[in-house]
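Residues per chain are reported as follows:
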Amino acid sequence: MFHDGARRRSVALLTTGVLALPAVAACGASEEGNVPAAAQDLAPAARDLVANGSTLTWAIDAVPGTLNAYQADADTGTTRVTGAVLPALFTLDEKGRPQANPDYLESAEVVEREPRQVVVYRLNQKAVWSDGREIGAPDFAAQWRALRGKDPAYWTARNAGYDRIAKVERGKDDLEVQVTFDKPYAEWRSLFTPLYPKDVMGTPDSFNDSARTTLKNTAGPFSLEKVDRKSGDITLVRNPRWWGDQPKLDQLVFRKVAPKDRTKALTEGRVDLAQVAPGEAERISLARRDKGAKGPLAHGPGAGRTPSDALMSWAIANGTEQEAAESEQLAREQTREAVVAYAAEQKSLAAYEVRKALEPSFTQLALNGADGPLADERVRRAVARALDRKELAETVLKPLGLPAQPVGSHLALAGQDAYEDASDALGSQDTAEARALLAEAGWKPGQGAARPKNAGASGEPAEGAEGEESEQGVGESGNEDRPGDDGGEYIVGEDDGKPGERGGPMLPGAVAAGQGAALWRQADVVARQDGDGKAEQGAHAQQGGPPGAYAPKGTAAPKESESPGAAGAAGPLAKDGLELTLRFVVPSGAGSEQLRAVADKIAEQLEKIGVTTAMKKVPSSGYFTDHVASGQYDMALYSWPGTAYPATDGRPIHAKPVPAADGSLNVAQNYTRVGTDRIDQLFDQAVGELDDGARRKLIKEADARIWAVAGAIPLYQRPELVAARPSVANAGAFGFATPRYQDIGFLKKGAKPGKQDRKSGS
């Protein structure tokens, strides 16, 4: 439940960061190996190899607006702080599996399933809040009442799972908490993490306000000492009442460093640990490679100049044309200064190393199915079938030396128990079949077809358009914006000066006519395959598929003479006199270069099937809220965090939009606006299915159907690149795992990182 229907949980990852889900970090695995696509990179070390004392400074994007993880503006900074100072009953291992945390739990298990599900938590008898009070049933009960969604005075961002609880009560003694559910809840391990004290959760006022800026009562290895919003530092110190392994650090400081300022902070030595962009990671790698080398650097300012360039520059600077000479002399001086500054920065960056893994998150191409051409499933499927997802993954991950396999699931990631590649429900990349789908939808080569000027998503004027002409629009006079510009709109294949790559025959329309029904049969088969490769025939295969999934029975295929193949090379497609142009909204800010490169690749791939792409670059600050969430796009790239709890966290992302009382469309977090009743039913069944095998089967079927409706196309798992001082141990690119803050520190002199052994040392 959202307060006043407006306080929405931050949910999508943008170009450089994550809009966090509290139950973040899933892992994924194949049935064969059950291993993540890339291992975590933490410089693991046994505790006896880590020095006691000192302070570690860890960069975060911003001082969090709230320290209450259950409020709508909680972010990754919130997650970092609360993870170190509050109880986490279940943490995630390197494969993203929930594991009971022995610092707080002796046990937690389902003790009854009928007539109602009952979970009993047996608490660690040493676990206490910093005020000395035992952690117990009153804290669990207060959190349940605050988050169950029955009292609108609580400004909560979510109530999933808590709304299924009937009662929370003390068990046979103070160390036992008994939770009874009204409705079965399979993902009960997601609850009560983080756990707040009853003095935060007990009243709406305390929930809404008291935990936003400070946490007075904590129960983690660290306590919150100070939040300095002016300097941007959040200082944590050892919790004197902590009963577990003592923290290796005296202080842990989270320091506000905006992504654009990371290089400066690293060169100034202001942080010990910081997530970085690919360009910064490359600079650090080059700095370590060049350490101790003699002579000028082979990269950086001026490194690309050839001898002839240098000679020409010298000639101009010493020529008789005074104005040109002065200008060139100034440019040469600026280059010399830049070379010196760059070399100094590289020397400082050599003090760090890059630790890399794959984030528990994936980037997807979202297709807005609310209206316009993409409201037709055949067009969405054509776009999806045109994509070479392997090439897109390699564009991002291969230069970083990370595995570049496309993501095959909307609901899990490689390494996770629930992960199975269900993309066969849609089909692999096939340009000819994509063209056939478009032909069946009525889009055919149409020379001279009109494109609405300044067309945006769903035919609306593009942002900044005024009347018939706009500096940012696409007019007949051309457009000066290019892929490297900071804003504006350009038409791929026209305004970027690239020759068109359209060509080759389309399949006759008759081939496409039955693809919709076949697709749903395929989704059923993929979803229902068992371990022996057998499959059940799904209901949709027997009944011909759901309405709208394919051309109605009896629809005539285009005559052979009208088929795209008869025309030879495919040109821009048109229907009813209008060209098939999709508005692709991309962020323009620093740190979005990788996403824009992927967008350009996608545009090139779509050009091959006759789809024209109008690339619209918008400020990064409003990219998500002003365009994606509001539906002002045809295509967009954004990411979702993985989750260990796919039935809970997947439903709002893929739920079928429903009309609200005011006539608007309630999309929850489904920004593609594409869904079906059957997908919703499968999520509802999965979240209440206590049998693990049966629940995974339901999740797989839901995922196959999400592939089939082609609203969101998973592309690749995001890279996780972290700059760290080589002496930092047990921290870096965590992958799926929850950080164990008490083990983080600096290696003792002469110690080398290796396999971590928590039982070793003090």
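Quick caveat: nothing in here was measured; it's all calculated off a predicted structure.

## Details of the sheet that holds strand 16 (residues 578-579)
Here is step 1: Taken together, 3 strands build an open sheet; the order of strands is 13-15-16 and the sheet is antiparallel. The sheet terminates laterally at strand 13 (444-445) and strand 16, the two strands that pair on one side only.
Here is step 2: Judged from the 2 bridges that link them, strand 15 (residues 573-575) and strand 16 form a sheet pairing that is antiparallel. For A574, the partnering residue across the bridge sits in strand 16 and is E579.

## A word on the side chain of H299
Here is step 1: When you line up the elements, H299 lands in the loop between helix 6 (278-290) and helix 7 (307-317).
Here is step 2: For H299, a relative accessible area of 13% corresponds to the buried category.
Here is step 3: Among the polar contacts listed, one links the side chain of H299 to the side chain of D290, at a separation of 2.6 Å.
Here is step 4: Excluding anything up to four places from it in sequence, H299 contacts L286, R289, D290, Y342 and Q346.

## Structural notes on the environment of K216
Here is step 1: Note that K216 resides in the loop between helix 4 (204-213) and strand 8 (222-228).
Here is step 2: A relative accessible area of 78% means that K216 is categorised as exposed.
Here is step 3: The sequence separation of K216 and S130 amounts to 86 residues, and the corresponding C-alpha distance is 8.3 Å.

## Focus: the packing of helix 17 (residues 646-654) against helix 18 (residues 677-687)
Here is step 1: Running from amino to carboxyl end, helix 17 crosses helix 18 at an angle of 160°, the nearest separation of the two axes being 9 Å. Taken together, helix 17 and helix 18 sit at an angle that is classed as roughly antiparallel. Every pair of crossing elements has a handedness; the one defined by helix 17 and helix 18 is left-handed. Facing helix 17, whose interface residues are P646, A647, T648, G650, R651 and H654, helix 18 presents I679, D680, F683, D684, A686 and V687.

## A few points about the sheet that holds strand 4 (residues 105-112)
Here is step 1: Read across the open sheet, the 4 strands follow the order 4-5-7-6; overall the sheet is antiparallel. Two strands close off the open sheet at either side, each with one partner strand: strand 4 and strand 6 (165-170). On average, each strand axis in the sheet is inclined to that of its neighbour by 15°, with strand direction left out of account.
Here is step 2: Relative to strand 5 (residues 118-123), strand 4 runs antiparallel, the two being bridged by 6 bridges. Across the sheet, residue E109 finds its bridge partner in strand 5, namely V120.
Here is step 3: On the sheet, helix 2 (residues 137-147) packs against strand 5, strand 6 and strand 7 (176-181) and is oriented at approximately 160° with respect to strand 6.

## Some points on unusual backbone geometry
Here is step 1: For the bond running from E114 to P115, omega is 0°, close enough to zero to count as cis.
Here is step 2: Within the secondary structure, P115 is located in the loop between strand 4 and strand 5.
Here is step 3: The peptide bond linking T193 to P194 adopts the cis configuration, its omega dihedral lying at 0°.
Here is step 4: Positive phi outside glycine occurs at A43, with the angle close to 50°.
Here is step 5: Mapping A43 onto the fold places it in the segment before strand 1 (55-60).

Rules and cut-offs
Residues numbered from 1 in each chain as written. Predicted model: local features only at pLDDT ≥ 70, side-chain atom pairs only at ≥ 80, totals over all residues. Heavy atoms only, no water. Pairing = 2+ DSSP bridges. Helix = DSSP H or I, 4+ residues; strand = E, 2+ residues; numbered from the N terminus. Buried < 20%, exposed > 50% of the residue type's maximum accessible area, 1.4 Å probe, protein only. Polar contact = N/O pair within 3.5 Å; in protein donor to acceptor, adjacent residues only side chain to side chain. Contact = heavy atoms within 4.5 Å. Axes fitted to C-alpha atoms, helices over the stretch in contact; angles between N-to-C directions. Parallel < 35°, antiparallel > 145°, perpendicular 65-115°, else oblique. Left-handed = near helix turned anticlockwise from the far one by under 90°.

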